[in-house]
Structure formats: C-alpha cells, structure tokens
Amino acid sequence: MIVAQRKKIPELVDILKGRKKILLLGCGTCVTVCLAGGEREVSINASALRIASRLKHLAFEVEELTIERQCDNVFIEKAADAIKRNDVVLSLGCGAGVQAIAERYDKPVYAGLDTTFIGILEERATWTEKCIACGKCVLHEYGGICPVTRCAKHMLNGPCGGSREDRCEVRADRPCAWQIIYQRLKAIGELDRLKTIKPPKNWNASIHGGSRMVIREDHRI
Amino acid sequence: MSNQRFEPLLIAFCCQYCSYSAADLAGSMRLQYPPNVRIVRTPCTGRLEVEFFMKAFEKGADGILVAGCLEGGCHFTEGNLLARGRVGYTRKFLSESGLEEERIRMINISAAQARPLVDYINEMLATLKTLGPSPLKSANTPINAEMRI
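Residues numbered from 1 in each chain as written. Chains lettered and ligands numbered in written order. Predicted model: local features only at pLDDT ≥ 70, side-chain atom pairs only at ≥ 80, totals over all residues. Heavy atoms only, no water.

**Details of the state of the cysteines**
All told, the structure shown has zero disulfides over all chains when counted by the stated rule. Cys151(A) carries a free sulfur, and the closest cysteine sulfur to it, the one in Cys160(A), is 6.3 Å from it. (Disulfide = S-S within 2.5 Å.)

**Examining the confidence of the model for chain B**
Reading predicted coordinates in detail is not appropriate for stretches of low pLDDT. All names here are of chain B. The pLDDT averaged across chain B works out to 91; a share of 89% of its residues lies at or above 70. The low-confidence segment residues 142-149, where pLDDT is below 50, has 20 contacts with residues more than four positions distant or belonging to other chains. This prediction of the complex comes with two scores: 0.91 for pTM and 0.89 for ipTM. (pLDDT = per-residue confidence, 0-100. Contact = heavy atoms within 4.5 Å.)

**Section: the nonpolar core**
Core analysis: the biggest nonpolar cluster contains 48 residues, and Leu49(A) and Ile64(B) have the highest contact counts within it. Tallying contributions element by element places helix α3 (residues 39-56) of chain A first for this core, with seven residues. In contact with Leu49(A), not counting residues within four places along its chain, are Ile9(A), Leu12(A), Val13(A), Leu16(A), Leu24(A), Phe60(A), Val62(A) and Leu90(A). Ala23(B), Leu65(B), Ala67(B) and Leu128(B) belong to the second largest nonpolar core, which has 15 residues in total. (Core = buried A, V, L, I, M, F, W, Y, C linked by side-chain atoms within 4.5 Å. Buried < 20%, exposed > 50% of the residue type's maximum accessible area, 1.4 Å probe, protein only. Helix = DSSP H or I, 4+ residues; strand = E, 2+ residues; numbered from the N terminus.)

**Describing helix α3 (residues 79-97) of chain B**
Spacing of three or four residues puts side chains on the same side of an α-helix, whose turn is 3.6 residues. Taking 1.5 Å per residue as the helical rise, α3(B) with its 19 residues ought to reach 27 Å, and the 27 Å between its terminal C-alpha atoms agrees with that figure. Considered for burial, the residues of α3(B) that qualify are Gly79(B), Asn80(B), Ala83(B), Arg86(B), Val87(B), Thr90(B), Phe93(B), Leu94(B), Glu96(B) and Ser97(B). Residues of α3(B) that are buried make contact with β1 (2-6), α1 (9-16) and α3 of chain A together with α2 (50-58), β3 (63-68) and β4 (104-108) of chain B. Downstream of α3(B) by one or two residues, Gly98(B) has phi in the positive range, about 105°. (Expected span 1.5 Å × (residues − 1).)

**A word on the layout of surface pockets**
Taken as a whole, the largest pocket encloses approximately 830 Å³ of empty space. Taken together, 26 residues make up the lining of the largest pocket; nearest its centre are Cys34(A), Leu35(A), Ala125(A), Trp127(A) and Tyr89(B). Secondary-structure elements contributing two or more residues to the lining of the largest pocket are β1, α3, β6 (113-123) and β7 (126-131) of chain A together with α3 of chain B. By residue number, the principal contributor to the lining of the largest pocket is α3(B), which donates six residues. In terms of residue class, the lining of the largest pocket is made up of 13 nonpolar, five polar and eight charged. (1 Å grid on protein atoms, 1.4 Å probe; cavity = no way out; pocket = protein on both sides within 12 Å on 5 of 7 lines; lining within 4 Å. Points joined across faces, edges and corners; volume = space filled by probe spheres on them. Nonpolar A, V, L, I, M, F, W, Y, C, P; charged D, E, K, R; others polar.)

**As for the side chain of Thr128(A)**
Residue and element names in this part refer to chain A. Among the secondary structure elements, Thr128 is positioned in strand β7. Here Glu122 takes part through its side chain, which lies 2.3 Å from a polar atom of the side chain of Thr128. Residues contacting Thr128, with those up to four places away along its chain left out, are Phe117, Ile118, Gly119, Ile120, Glu122 and Arg174. (Polar contact = N/O pair within 3.5 Å; in protein donor to acceptor, adjacent residues only side chain to side chain.)

**Some points on the packing of aromatic side chains**
All told, the structure shown has four aromatic pairs over all chains when counted by the stated rule. Considering the side-chain rings of Tyr17(B) and Phe76(B), the 5.8 Å spacing of their centres and the 80° angle between planes classify their relative orientation as edge-to-face. Linking Tyr17(B) in the loop between β1 (10-15) and α1 (19-28) with Phe76(B) in the loop between β3 and α3, this pair joins segments that are 59 residues apart in sequence. For Tyr17(B), a relative accessible area of 34% gives the class partly exposed. Taking relative accessible area as the criterion, Phe76(B) reaches 43% and is therefore assigned partly exposed. Arg6(A) extends its terminal NZ or CZ atom over the ring of Phe93(B), reaching a point 4.1 Å from the ring centre. Seen from the ring of Tyr20(B), Arg41(B) lies directly overhead, with NZ or CZ sitting 5.3 Å from the centre. (Phe/Tyr/Trp six-rings, centres within 6.5 Å; stacked < 30°, edge-to-face > 60°. Lys NZ or Arg CZ within 6 Å of the ring centre and 35° of its normal.)

If you want it as structure tokens, here you go:
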C-alpha cells in the first residue's frame with residue numbers, strides 16, 4: 001500500500017491562508033490503513049484547523065468528507081457536490097488522489113499529506129518501504145527481498161562489504177538487505193542464484209524515462 | 001475576564017473500572033472536589049479517540065483529564081496504554097494549533113485511590129487557572145462552568 005505522513009498544522013494553515021470554505025477530503029484506502037488520511041484523521045485535522053483558525057482569526061470554514069478511494073472516478077463523483085460548494089479542497093489522499101481530484105474539478109486542490117513510499121505494516125504502527133516501483137521486478141532473483149529498494153546502494157551484486165553485524169552502513173537503524181537476501185536464499189535452497197553476475201539495471205522502465213502509463217488493449221472498448 | 005473570577009471547565013474522562021469508582025469512593029468518603037469537573041464515564045480509556053478531545057476543546061472546554069487504570073492493570077489489557085499515546089498525539093495537535101498542550105493530561109489511578117484522584121483534579125484545575133480560560137470559549141459561553149458539551 002501507499003504510505004503517507006501528515007503535514008503539520010502550521011504548514012496546512014500556511015497553505016490555506018486567505019481561503020475560506022475548505023473541504024477536507026479523506027481517502028478510505030491506503031492512507032486510512034497507515035493512519036494518515038482516513039475519516040478519523042480528517043476529523044482530527046479539521047478540528048485542529050478550526051482551532052488554529054479561531055486563534056489566528058483566519059475565518060476557515062472546514063467541511064469534512066471521506067470517500068472510499070480518491071484515485072477512482074466512481075468514488076470521486078461522490079464528492080462532487082461537496083467540492084462544488086467549497087472554495088478549495090485539502091486532500092488527505094496520496095499524491096495520486098490529489099492529482100485525480102485536481103484533474104477533474106476547476107478548484108484549487110492542495111495536498112494535506114506527504115506521500116512517502118510503497119510499503120507494508122511491519123509491526124504495530126511501523127511501516128517500512130518495500131518497493132520503489134522500478135518497473136522491472138527482479139524479486140525472483142533475490143528470494144523475494146528487493147535490493148533495489150532495501151539496499152541503500154541499490155546493489156544488484158552485493159553485499160557492499162560495509163555492513164556492521166547485520167546493519168546497513170548507510171542507515172544503522174535498518175537491516176542490511178544483502179544479509180537478508182543471503183539468509184533467505186540459503187533457507188529456500190536457491191543460493192546458486194548469487195553465482196550469476198547480474199548486468200546493470202535498465203532504468204528505462206522506471207520514472208527516469210518520464211511518468212509512466214499502462215494500457216491494456218484487451219480491456220479497451 | 002479576570003483570571004481570579006475564572007472557574008475552569010474540566011472534562012474528566014474516567015474509566016469505569018478505576019477512576020470512576022474512585023470518584024464514587026471519594027463521594028462515600030465525603031472528600032470534596034470542586035464542581036468545575038464534569039466526569040464522563042467510559043468503558044475503558046482505550047475507547048477514547050483523539051477526535052473526542054479535539055471536539056471538547058473546539059466546543060470550549062478549558063481542560064481535559066483522562067483517568068485510566070494503573071499501567072499493567074487495564075481490564076482490557078492495554079486500553080490505558082492506547083489512551084496514553086492518544087493523549088500525547090492530542091498534545092501535539094494542540095500545540096501546533098496554538099493551544100497550550102498542558103490543557104490535556106493523562107493520569108493512572110486504581111479504584112481505591114479516591115484521595116489521589118481528588119488531588120489530581122485540584123492540581124489540574126490549578127494548572128488551568130494559571131493558563132487562563134480557553135481562547136476558544138465563545139462570547140456567549142458562560143464563564144463559570146455552565147456549558148453543556
């Protein structure tokens with residue numbers, strides 16, 4: 001899922017300064033699960049903005065709404081009336097959600113979150129990055145551990161030799177991805193895979209070739 | 001408004017397994033505590049959400065006291081630990097919004113601790129008197145804790 005983090009209230013107040021009628025729009029999918037932009041966070045942020053507005057005499061009028069998914073037209077339509085009756089939309093969706101709303105309505109749409117990464121819930125209230133969406137998945141080569149994402153040096157032929165114990169030398173609070181890859185391949189009997197030298201990664205499929213698009217001709221009418 | 005005249009409105013969310021019983025016991029023991037406190041019984045402090053606190057402040061409460069069981073003694077194992085985190089999170093939002101974070105506080109007491117509960121209430125009211133009335137009180141909010149939430 002997409003993991004995002006909240007922007008602090010002073011930053012939101014700065015973004016919204018001069019605006020009056022504000023729709024605080026939450027998203028019921030990824031950002032709800034990562035506790036950043038669901039119905040509950042909409043309510044908390046709306047209260048905080050109203051409090052800040054009254055203390056700073058900003059005259060915000062904040063309406064709250066959460067739709068199932070901000071990146072899907074079917075659900076976005078359910079916010080149409082609320083969007084129309086407000087001056088601006090402060091989206092608590094991910095970057096895709098903000099842009100999906102902005103493309104469809106003639107109103108300013110602002111991002112209320114910092115979209116951070118694609119990841120999973122590692123343990124209670126802890127999310128970790130697992131995928132950078134490079135466009136050409138190599139997970140089968142590395143026992144299901146992604147060196148492109150989880151090795152700080154993106155090494156396809158690791159390890160770098162700088163790790164201490166099982167910790168990454170770049171970020172000591174994170175494990176060395178290559179240590180995990182080795183242990184995992186050993187456990188599943190696929191250590192032989194490491195004997196093949198991998199060629200440099202072709203990054204054309206990644207964001208470096210411009211924003212990407214997927215078209216499924218078989219589903220088009 | 002002079003702070004000497006000011007009587008703060010304190011909302012006390014009390015867990016029914018500990019502090020609510022302690023408040024009851026305080027009554028049985030004829031212990032006096034100021035009438036400024038509005039006790040709201042909750043099944044567990046783990047039921048309390050950040051929204052509840054924010055809404056109470058939005059509507060003009062001067063302070064909030066969250067009273068849960070002693071750590072390790074929650075009837076639902078970890079409800080009071082969840083509440084502790086939520087109170088801390090609320091404090092962040094309050095200070096970011098421009099309100100003093102001391103206006104909300106979590107305490108842990110057992111059902112037998114009537115006297116400590118009364119002391120905590122008095123302590124919190126003294127803090128609120130020092131801070132002064134919540135700037136979110138509207139012009140027509142009664143000064144002396146008459147407001148309904």
